[in-house]
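Remarks on the overall topology
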Amino acid sequence: MTSPVRLALLGCGTVGSEVVRLLHEQSADLAARIGAPLEIVGIAVRRLGRDRGGLPVDEALFTTDALGLIKRDDVDVVVEVVGGIEPARGWLVEALRAGKSVVTANKALLAEDGAALHDAAAEGRADLYYEASVAGAIPLLRPLRDSLHGDRVNRVTGIVNGTTNFILSAMDATGAGFAEALEEATELGYAEADPTADVEGFDAAAKAAILASLAFHTRITAADVHREGITEVTAADVASAKAMGCTIKLLCIAARGKDTTGAETVSVRVHPAMIPLTHPLASVGDAFNAVFVEAEAAGQLMFYGRGAGGAPTASAVLGDVVAVARNRLAGVRAASESAYADLAVRPMGEALTRYHISLDVADRPGVLASVAGVFARHDVSIATVRQGSTGGGRPGSGDDAELVIVTHVAPDAALAATVGELRGLDIVRSVTSVLRVEGEA
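It should be emphasised that the depicted structure is a prediction, and the values quoted were computed from it without experimental measurement. (Residues numbered from 1 in each chain as written. Predicted model: local features only at pLDDT ≥ 70, side-chain atom pairs only at ≥ 80, totals over all residues. Heavy atoms only, no water.)

**Structural notes on the overall build of the protein chain**
Short version of the rule: Each helix corresponds to a stretch of at least 4 residues labelled H or I by DSSP, and each strand to a stretch of at least 2 residues labelled E; elements are numbered beginning at the N terminus. For this measure, only C-alpha atoms enter the radius of gyration; the expected value for a globule follows 2.2 Å times N^0.38, where N is the number of residues. Throughout this description, buried means an accessible area under 20% of the type-specific maximum (1.4 Å probe, protein chains only), exposed means over 50%, and partly exposed covers the range between. Note that accessible areas follow from Shrake-Rupley with a 1.4 Å probe, and for residues the cover is restricted to the protein chains shown. Charge counting follows a simple rule: Lys and Arg are positive, Asp and Glu are negative, and His as well as the terminal groups are ignored. To locate a charge, the coordinates of NZ of Lys, CZ of Arg, CG of Asp or CD of Glu are taken.
Looking only at helices and strands, one finds 14 helices and 18 strands in the protein chain. Taking 2.2 N^0.38 as the reference for a compact globule, 441 residues should give roughly 22 Å; the C-alpha atoms of the protein chain span a radius of gyration of 25 Å, in line with that estimate. Dimensions of the protein chain, computed from the C-alpha atoms along their principal axes, are close to 85 × 50 × 35 Å. Evaluated residue by residue, the protein chain yields a buried proportion of 52% over its 441 residues. Surface accessibility of the protein chain: about 18,700 Å² in total, with carbon and sulfur atoms responsible for 49%. Computing the positive centroid from 39 side-chain charges and the negative centroid from 56, the protein chain places the two 3 Å apart.

Written out as structure tokens, the structure reads:
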């Protein structure tokens, strides 16, 4: 055994506490895998003197001076589990420029300004690992970065937010509305007191940016990701999906494509979508995560597991710590960021997708023809139409009717323009639901 690899831990909340616990419980195994013991030399926290639940660590290691801890000469690796953009960005840039490897779970920072961290790592010739930033314990980023480096990834589709997946799964299982399912998720601890980041898709968008950056060798930020949340999904939408043999999931979708000139591009989007029950992601329930990767040579790959929680996330953090510690002992660093492709991000309007549209219309002759004419004017082909009376009367009786239309694949802009024109028709009482459809349904 050589001298210890010395760690500075930034943050000791849910994840940080689990990192400390696992380091203590598995110290002998970790040392054997690395070839040297791991030693925590300092832990930066917001407040001193808090009850840490009996963590096996000396209270003298705690400090509120994170930057001072990072700058210490006896720190080899910085582990950051604080989250947020600032001051975390400044801390990690300082560490990397000083040649200290960084392990982080900070998806928000990586999605907003991962470039600053990668540039600092290159400048300091240090490692930057962030497996825990997406999908918790699921080994996902390293396979994209390393195992599939000799392949060409064409599409990544994933369920990467456990809170929204729990809510949508509960709505599907019980017929509950969004508000009721969110309340249950909150009571069970799956949703935060303020669930905005989850239910409005911000969390998933950050993760989508990280996945797309790795899969397509292009720097992509959260600002490049089209984002929609699940707050508008209704029990009626879920029932309609069931009638089609589908379920609704909040998906992150990153895909290669081409623009109008034939140049290769990438689109990245997060939104609720109907997927057929035969799709591998359809059976992913509760608060689990899963990511479906489609590559040219490897074909279809599925990564599944717990995507959040202290212990699963700490597992991913420690996996990275082992990797950077071994690199440090060997005097090498991991492969640097691969952003050579530098693909343009395709606007959402050019993304190819399908729509499921529910309309409340006047039930009289000629209505269906008028509605079909709107689709034709925007060059959108209709795949299926289902009609039913909403007033209980016979067709043509003057009661309102429901039209449920599923389209063929078309540019999202054309589909959105179709819906916009439908809203303005006198015969359309309301557009009650618009959802995208992914996969073959």
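This is not the end of the story, as more comes after the structure.
**Regarding the packing of helix α2 (residues 27–34) against helix α12 (residues 310–330)**
To keep it simple, the criterion reads: To obtain each axis, a line is fitted to C-alpha atoms, and for helices this fit is confined to the stretch in contact; angles are then taken between N-to-C directions over 0 to 180 degrees. Angular relationships are summarised with four words: roughly parallel below 35 degrees, roughly antiparallel beyond 145, roughly perpendicular across 65 to 115, and oblique for the angles in between. Here a crossing is called left-handed whenever its near helix is offset anticlockwise from the far helix by less than a right angle, and right-handed whenever the offset is clockwise. Only heavy atoms enter the contact rule, under which two residues are in contact if any of them lie within 4.5 Å. In this classification, the charged set is Asp, Glu, Lys and Arg, the nonpolar set is Ala, Val, Leu, Ile, Met, Phe, Trp, Tyr, Cys and Pro, and all remaining amino acids, among them Gly, are polar.
Here α2 crosses α12 at 40°, and the two axes come no closer than 9 Å. Classified by the interaxial angle, the pair formed by α2 and α12 is oblique. In this structure, α2 meets α12 at a crossing whose hand is right-handed. The residues of α12 that touch α2, namely those facing Leu30, Arg33 and Ile34, are Leu318, Val322, Ala325, Arg326 and Leu329. Partitioning the contact of α2 with α12 into residue classes produces 6 nonpolar, no polar and 2 charged.

**Focus: the packing of aromatic side chains**
So the rule is basically this: Pairing of aromatic rings covers Phe, Tyr and the six-membered ring of Trp, with a centre-to-centre limit of 6.5 Å; geometry is then stacked below 30 degrees between planes, edge-to-face above 60, and tilted otherwise. Here, a charge over a ring is recorded when the distance from Lys NZ or Arg CZ to the ring centre is within 6 Å and its angle to the ring normal is within 35 degrees.
Counted by the stated rule, this structure contains 2 aromatic pairs. Consider the rings of Phe166 and Tyr190, whose centres lie 4.6 Å apart with planes at 35°: the pair is tilted. Separated by 24 residues along the polypeptide, Phe166 in helix α7 (residues 162–174) and Tyr190 in the loop between α8 (178–187) and α9 (196–199) bring together distant segments of the chain. Since its relative accessible area comes to 6%, Phe166 is described here as buried. On the numbers, 5.2 Å between centres and 5° between planes, the contact of Phe288 with Tyr304 is stacked. Of this pair, Phe288 sits in strand β11 (residues 288–295) while Tyr304 sits in strand β12 (residues 299–306), and the two are 16 residues apart along the sequence. The class of Phe288 is buried, set by a relative accessible area of 18%. In this arrangement the basic side chain of Arg145 is found over the ring face of Tyr129, its NZ or CZ atom lying 4.5 Å from the centre. Note that Arg227 overlies the ring of Phe202, its terminal NZ or CZ placed 3.8 Å from the centroid.

**Some thoughts on unusual backbone geometry**
Residue Pro87 is bonded to the preceding Glu86 through a cis peptide linkage, with omega at 5°. For His217, which is not a glycine, the phi torsion comes out positive at approximately 50°. Along the chain, His217 falls in the loop between α10 (202–216) and β8 (226–227). Judged by its relative accessible area of 7%, His217 falls in the buried class. The phi dihedral of Asp379 is positive, around 60°, even though this residue is not glycine. By secondary structure assignment, the location of Asp379 is in the loop between α13 (367–377) and β15 (382–389). Relative accessible area serves as the criterion here: at 70%, Asp379 is assigned to the exposed category.

**Remarks on a negative patch on the surface**
Formally: Only residues whose relative accessible area exceeds 30% and that form no salt bridge are eligible for patches; like-charged ones are grouped when within 9 Å, while nonpolar side chains (Val, Leu, Ile, Met, Phe, Trp, Tyr) are grouped when within 5 Å. Salt-bridge detection follows one rule: a side-chain nitrogen of Lys or Arg within 4 Å of a carboxyl oxygen of Asp or Glu.
Together, Glu180, Glu183, Glu184 and Glu187 line one region of the surface with negative charge. Within the element layout of this structure, Glu184 appears in helix α8.

**Re α2**
The condition is simple: Note that the arc is computed from the directions linking the helix axis to the C-beta atoms.
All buried positions along α2 are accounted for by Leu30, Ala31 and Ile34. Buried residues of α2 fall within an arc of 100° about the axis and therefore sit on the same side. Exposed and oriented more than 90 degrees from the buried face of α2 are Ala28 and Ala32. In this fold, the buried residues of α2 make contact with α1 (14–25), β2 (38–44) and α12. Immediately beyond the C-terminal end of α2, within one or two residues, lies Gly35, with a positive phi of roughly 100°.

**Focus on the pairing of strand β5 (residues 101–104)**
Formally: The pairing criterion for strands is at least two bridges between them, as found by DSSP. We call a crossover right-handed when, viewed with the strands running away from us, the connection from the first strand over the helix to the second turns clockwise.
Every second residue of β5 is oriented toward a common face, with Ser101 and Val103 on one face and Val102 and Thr104 on the other, all of them buried. Sheet topology note: the strand β4 (residues 77–80)/β5 ladder contains 4 bridges and is parallel. What sits directly across from Glu80, in β5, is Thr104. Following the chain from β4 across helix α4 (residues 88–97) to the adjacent parallel β5, one finds a crossover that is right-handed. As judged from the 2 bridges shared by β5 and strand β6 (residues 128–129), these two strands associate in the parallel manner. Bridge assignment links Val102 to a residue of β6, and that residue is Leu128. Considered for its hand, the β-α-β crossover made up of β5, helix α5 (residues 107–124) and β6 is right-handed.

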